[in-house]
Amino acid sequence: MSKFIDRVVLHVSAGKGGHGCSSVRREKFMPLGGPDGGNGGNGGDVILEVDPNVHTLLDFHFHPHAKAGNGKPGEGSNRDGKRGEPLVLKVPDGTVVVGRDGEVLADLVGAGNQYIAARGGRGGLGNAALASKARKAPGFALLGEDGDEGDVILELKSLADVGLVGFPSAGKSSLVSVLSAAKPKIADYPFTTLVPNLGVVSSGDTTFVIADVPGLIPGASEGRGLGLDFLRHLERCAVLAHVVDCATLEPGRDPVSDVDALEAELAAYKSMLSADTGLGDLADRPRVVILNKTDVPDAKELAEMVTPEFTARGWPVFEISAVTHQGLRPLTFALAEMVRQYREAHPKAAPKRPVIRPIATDASGFSVIADPDEEGAFIVRGVQPERWVKQTQFDNDEAVGYLADRLARLGVEEALVKKGAQPGAPVTIGDVTFEWEPAISAGVDMVPTGRGTDLRLEQDERISAAERKHASRVRRGLVDEDGNEIKQDASKKR
C-alpha cells in the first residue's frame, strides 16, 4: 500500500569541482614546451524539477539523501576535466521548498519548473591558465571548490480549486466520490480520511478540482488532530466549502457552532505564501456552506432552521444528500461559477522568462576584524579571500606565494597594517590560520627559484623588497655589491 507523504527533509550535496593539473609539455625536439595543465571540471548541481506524473514525496521519504556527481580533474596536454553529472529530482506540482530557517526558497508550480537546491563547486585552474609574463611556467595548480551542502524542506500543497472542510464524518469523502470519478475511502467512523483526496469535476464549460481535506477539529491550527498537517493543502484553493453534518447525534454540536469552530481555526492559520501568491490568508477566501445528510427527516428540519443564519453572513447555502444525490446539480453549477469568477479576478501570471544575471562570486569586498578569542589575532572575511584559500595547495610553496600575491593585490596586507597587526600575528582566513609576515607582498622583483618553491616563504632567507631589488641589479651588472653604479662599456652595449 502506497503512502501519501507531503513533507520531507531532503539532504542535498552538490558535486565537488575537479582539481586543476600542473603539467609541462615534454616532447622530443621541443625544448621549453611550457605549461599544459588543464582545468578541473565543475561539480554537478542538485536540481528540483516539477513532473506532472509525480504526485507525492514518497521517494524522498525513503531516500532523503541526494548527491550530484563530482567534476573530474584536469590533465596534461591542455585537457580539461569533465563536468560532474547534475542530479535532477522530480517533484510534484505545487511543491514548496523551504529553508531550515523557515524562509520560502521556491514555489514550484507548472510542469518543467526548476530550482537549483545546491550548486556544484567550481573546478580549479590548471597551470596553463595561471601562466603569465612574470610566471611563465607555474609549478602548481588550483584546487577545486566544494559544492553546496545542506538541508531543505519540501512541502506539497495540493492544487485544488475547491477545498472541502468539516468535522470528521461530515461526508466530505462521500461528496467527492459523487461529484467526481475519485474513489476515496468511506466508512462510518471518524478520521477515515488520512490523506487529501482530489477529484476533477466538470460543470458546463468549467472544469475544476475539488479536494477533500482530512477532518478538522477545534485546535487544529495548534496541532490537534490531523488538521495542522493538512491545512497547507487549502492555501491554493479558490473556494472553501463547509460540509456540515446535520444528522450528528453528538451532544453540544450543531451546524452553526461547527462552522464557527472551523472558521476560528482557519483564521488562526496563517499562510506562509500569502504574500507571494497574492491569495491572502484562508479567512479571505470565498465561502459556501453545504448542509449534508438532509435525507434524514430531523436533519432536514435542522438545515431549514440554520439556513437563515448562514445567508445573513452572505454565504450561499445548499442542502444536499450525498447518499441520494439530492441537491448536487445546483451545488455543482454554483461551485463552478464561484471558481470561474475567482479565476477572472485572480488571473494566472504569465510565465516569467528567465533573466540571467552574473552572480558576484568574485566580489572584492572583504573585512578585517580582531579575533575576539585571541589577543593580537585577526580574522579576514570575504568571498574572494576565503575562496582563494580553499583553492591553494599549502604543500606547494609556489602556490602559497601565489596566494600571498593575490591577497596583497586585493589589499589584505594594507588592511592588516591599518588594524595594527604585528609580524607573526595569527591571521585566519576561512579554515586556515597562519602567522602573518608583512614581507610577503606583491609587485616586487622576485628572485627566480625552482618550480614549486618560493624564496619569500623560506624562513632563513627572507629579504626585504629593497634587498631583492639590489640583488637583481647586481645580477644584471648595474651595481656592485656595495651599491656603486657600474659604468657600462659602450662596445658591450652594441
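Relevant structure appears above.
This report concerns the structure included in the present document. Worth saying up front: this structure is predicted, and the values here are computed from it rather than measured.

Every buried residue of helix 9 (residues 383-391) is listed here: Q384, P385, R387, W388, V389 and Q391. Where helix 9 is buried, its residues meet strand 16 (378-381), helix 10 (397-410), strand 17 (426-429) and strand 18 (432-435).

A separate point is the sheet that holds strand 2 (residues 46-50). Read across the sheet, three strands follow the order 4-2-7 without closing on themselves; strand pairing throughout is mixed. Of all the strands in the sheet, just strand 4 (87-91) and strand 7 (114-118) have a single pairing partner and so form its edges. Neighbour to neighbour, the strand axes of the sheet diverge by 30° on average, direction disregarded. Summarising the sheet, strand 2 and strand 7 pair through four bridges and their orientation is antiparallel. Following the sheet pairing, V46 is matched in strand 7 by A118.

Take the pairing of strand 17 next. Relative to strand 17, strand 16 is paired through three bridges, and the arrangement is parallel. Within strand 17, the position partnered with F378 by the bridge is V427. The hairpin formed by strand 17 and strand 18 contains two residues between the paired strands, and G430 there has a positive phi angle of roughly 65°.

This part is about the side chain of D161. In this structure, D161 sits in the loop between strand 8 (149-156) and strand 9 (162-165). Sequence-distant contacts of D161, that is, excluding residues within four places in its chain, are made with F208, V209, C237, A238, V239, V339 and R343.

Let us now look at the nonpolar core. V162, L164 and L175 are the most contacted members of the largest nonpolar core, which has 25 residues in total. Looking at this core, the elements with two or more residues in it are strand 9, helix 3 (172-179), strand 11 (206-212), strand 12 (239-245), strand 13 (287-292) and helix 8 (328-345). The greatest single-element share of this core, amounting to eight residues, is contributed by helix 8. Filtering out sequence-adjacent residues up to four positions away, V162 remains in contact with F208, V209, I210, A211, C237, V239, A241, L335 and V339. By size, the runner-up hydrophobic cluster in this structure holds 21 residues, among which are L10, A66, L154 and L156.

Parameters at a glance
Residues numbered from 1 in each chain as written. Predicted model: local features only at pLDDT ≥ 70, side-chain atom pairs only at ≥ 80, totals over all residues. Heavy atoms only, no water. Buried < 20%, exposed > 50% of the residue type's maximum accessible area, 1.4 Å probe, protein only. Helix = DSSP H or I, 4+ residues; strand = E, 2+ residues; numbered from the N terminus. Contact = heavy atoms within 4.5 Å. Pairing = 2+ DSSP bridges. Axes fitted to C-alpha atoms, helices over the stretch in contact; angles between N-to-C directions. Core = buried A, V, L, I, M, F, W, Y, C linked by side-chain atoms within 4.5 Å.

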